[in-house]
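Given next are the chains, with one letter for each unit.
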Amino acid sequence: MSALSRISRISVPDIQARKGSEPVVCLTAYTAPTAKQVDPHTDLILVGDSLGMVLYGFETTLPVTLDMMIAHGAAVMRGSSQACVIIDLPFGSYHESPEQAFRSASLTLKKTGANGVKLEGGVEMADTITFLTRRHIPVLAHIGVMPQSVNQTGGYQARGEDAMEAKRIIADAMAVAEAGAFAVVIESTWEPVAREITSLLSIPTIGIGASNACDGQILVTEDMIGLFSNFTPKFVKRYADLGQEISNLAAAYAADVRSRRFPGPEHCFGADKRKAKIASVSRKAV
Ligand code: KIV
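Residues numbered from 1 in each chain as written. Predicted model: local features only at pLDDT ≥ 70, side-chain atom pairs only at ≥ 80, totals over all residues. Heavy atoms only, no water.

**Topic: the layout of surface pockets**
The condition that has to hold: Using protein atoms alone on a 1 Å grid, points that fit a 1.4 Å probe yet trap it form a cavity, whereas open point sets bounded by protein on both sides within 12 Å along at least five of seven lines form a pocket; residues with an atom within 4 Å of a point count as lining. Grid points are joined across faces, edges and corners, and a volume is the space filled by probe spheres set on the points.
Each pocket or cavity is described by its volume, and for the largest pocket that value is around 600 Å³. Taken together, 28 residues make up the lining of the largest pocket; nearest its centre are Gly 209, Ile 218, Leu 219, Phe 235 and Lys 237.

**Quick word on the side chain of Glu 187**
Rule in force here: Helical segments are the DSSP runs of H or I of at least four residues, strand segments are the runs of E of at least two, and each set is numbered from the N terminus. Relative accessibility thresholds used throughout: buried, under 20% of the residue-type maximum; exposed, over 50%; partly exposed, between the two (1.4 Å probe, protein chains only). Note that His is not counted, nor are the chain ends; the positive residues are Lys and Arg, and the negative ones are Asp and Glu. Definition used for salt bridges: Asp or Glu carboxyl oxygen within 4 Å of a side-chain nitrogen of Lys or Arg. Here a polar contact is taken to be a pair of N or O atoms separated by no more than 3.5 Å, where protein atoms must pair a possible hydrogen donor with a possible acceptor and residues adjacent in sequence count only if both atoms sit in side chains. Only heavy atoms enter the contact rule, under which two residues are in contact if any of them lie within 4.5 Å.
The residue Glu 187 is located in strand β6 (residues 183–187) in this model. No salt bridge is formed by the buried Glu 187; the nearest opposite charge belongs to Lys 118, separated by 6.3 Å. Polar contacts involving the side chain of Glu 187 include one to the side chain of His 142, which spans 2.9 Å. Discounting chain neighbours no more than four positions away, the residues touching Glu 187 are His 142, Ile 143, Gly 144, Val 145, Pro 147 and Ile 208.

**Considerations on the site of the ligand**
Stated formally: Nearness is defined per residue: one heavy atom within 4 Å of the molecule or strand is enough. Each accessible area value is a Shrake-Rupley result obtained with a 1.4 Å probe; residue values ignore everything except the protein chains displayed when judging cover. Only Asp, Glu, Lys and Arg are considered charged, only Ala, Val, Leu, Ile, Met, Phe, Trp, Tyr, Cys and Pro nonpolar, and every remaining residue, Gly among them, polar.
Near the ligand you find Thr 28, Leu 46, Gly 48, Asp 49, Ser 50, Asp 88, Lys 118, His 142, Ile 208 and Val 220, and these make up its full shell. Here an oxygen atom of the ligand sits 3.1 Å away from a polar atom, N or O, in the side chain of Asp 49. Measuring from an oxygen atom of the ligand, one finds a side-chain N or O atom of Ser 50 at 2.5 Å. Look at the ligand: alone it shows 260 Å² of surface, and the protein chains cover 95% of it. In terms of residue class, the shell around the ligand is made up of three nonpolar, four polar and three charged.

**A word on the confidence of the model for the protein chain**
The cut-off we apply is this: What pLDDT conveys is the predictor's confidence in a given residue, as a value from 0 to 100.
When pLDDT is averaged along the protein chain, the result is 94; 92% of the residues meet or exceed 70. Low pLDDT, under 50, characterises residues 1–5; the stretch is placed with four contacts to residues that sit more than four places away or in other chains.

**Focus on the pairing of strand β1 (residues 24–28)**
Stated formally: Note: two strands are recorded as paired if DSSP finds a minimum of 2 bridges between them. When the strands point away from the viewer and the path from the first strand over the helix to the second turns clockwise, the crossover is right-handed.
In terms of residue burial, β1 counts as a mostly covered element, since four of its five residues are buried. Note that β1 and strand β8 (residues 216–219) share four bridges and pair parallel. Across the sheet, residue Cys 26 finds its bridge partner in β8, namely Ile 218. Note: β1 against strand β2 (residues 44–47), three bridges, orientation parallel. In the strand pairing of β2, Thr 28 is matched with Leu 46. For the crossover that starts at β1, traverses helix α3 (residues 32–38) and ends in the parallel β2, the hand is right-handed.

**Concerning the pattern of salt bridges**
According to the stated counting rule, one finds six salt bridges in the structure shown. We note a salt bridge from Lys 19 to Asp 215, for which the minimum N-O separation is 2.7 Å. Separated by 196 residues along the polypeptide, Lys 19 in the loop between α2 (12–16) and β1 and Asp 215 in the loop between β7 (205–208) and β8 bring together distant segments of the chain. For Lys 19, a relative accessible area of 22% gives the class partly exposed. The exposure class assigned to Asp 215 is buried, which follows from its relative accessible area of 11%. The closest approach of N and O atoms between Arg 195 and Glu 191, which form a salt bridge, is 2.5 Å. Of this pair, Arg 195 and Glu 191 both sit in helix α10 (residues 191–200), four residues apart, which is roughly one turn of that helix. The class of Arg 195 is partly exposed, set by a relative accessible area of 44%. Given a relative accessible area of 31%, Glu 191 falls into the partly exposed group. One salt-bridge network, held together by shared partners, links Arg 18, Glu 22 and Asp 43.

What follows is the structure in structure tokens.
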């Protein structure tokens, strides 16, 4: 990565400055080719630990390791040039102590060149966020539904319907903002709660299933283009069905191979007789 490409990226302060103005457009990417496609259209690319489920076929995000996040984060940096890139810290890489979080986050930024990290948690992670941000590591917080807590919560059902829970989520939002997070992802949370948080905080809120009251939106790219269909949350808008498209294309290829329509002469070396003859003559000459 050249110094110039680093400077030309949208920065964390640029994202922060968008509060209350233009919506912040965010998508996930896990690979260089996907990053290349989404980069011109997004302000922020998240290398989400959802890659554990979407790319690797795990049942939850819990098996994802720091090495996996670093490898995918570096690929996304190579594939993109203008969006702010944030990488998820995976389960177990920051929960033990602020010092452990610093080691994981600094290694991630050193090895990838990304702009910052994301971690899940509210009040209970505030000290860790303070520790990181005071040491120059930008943090995107993540509250509401937190997939890394699935063993404790038992699922991904939307949060904030009852008053007690709504109060807790609002307290989480205030805590992460006070701790120095530059923005906060609010996942699967009732609209009035997301609206209240957005009006209370001076940092941008990025919604995923948290309504258009938020300052920005994020979706998992594979959900949006129909490449991951194990389950589709209510908040996903499907813009294409690429999963079906890939299946159709694989079927067309299989039919071509079985009927010997592929490969054709245009895909072969020396299949044209005249050229084959030339090749054999020139081989004899050698
Ligand atoms: O891991 C992820 O992709 C995320 C988004 C869903 C916000 O955390």
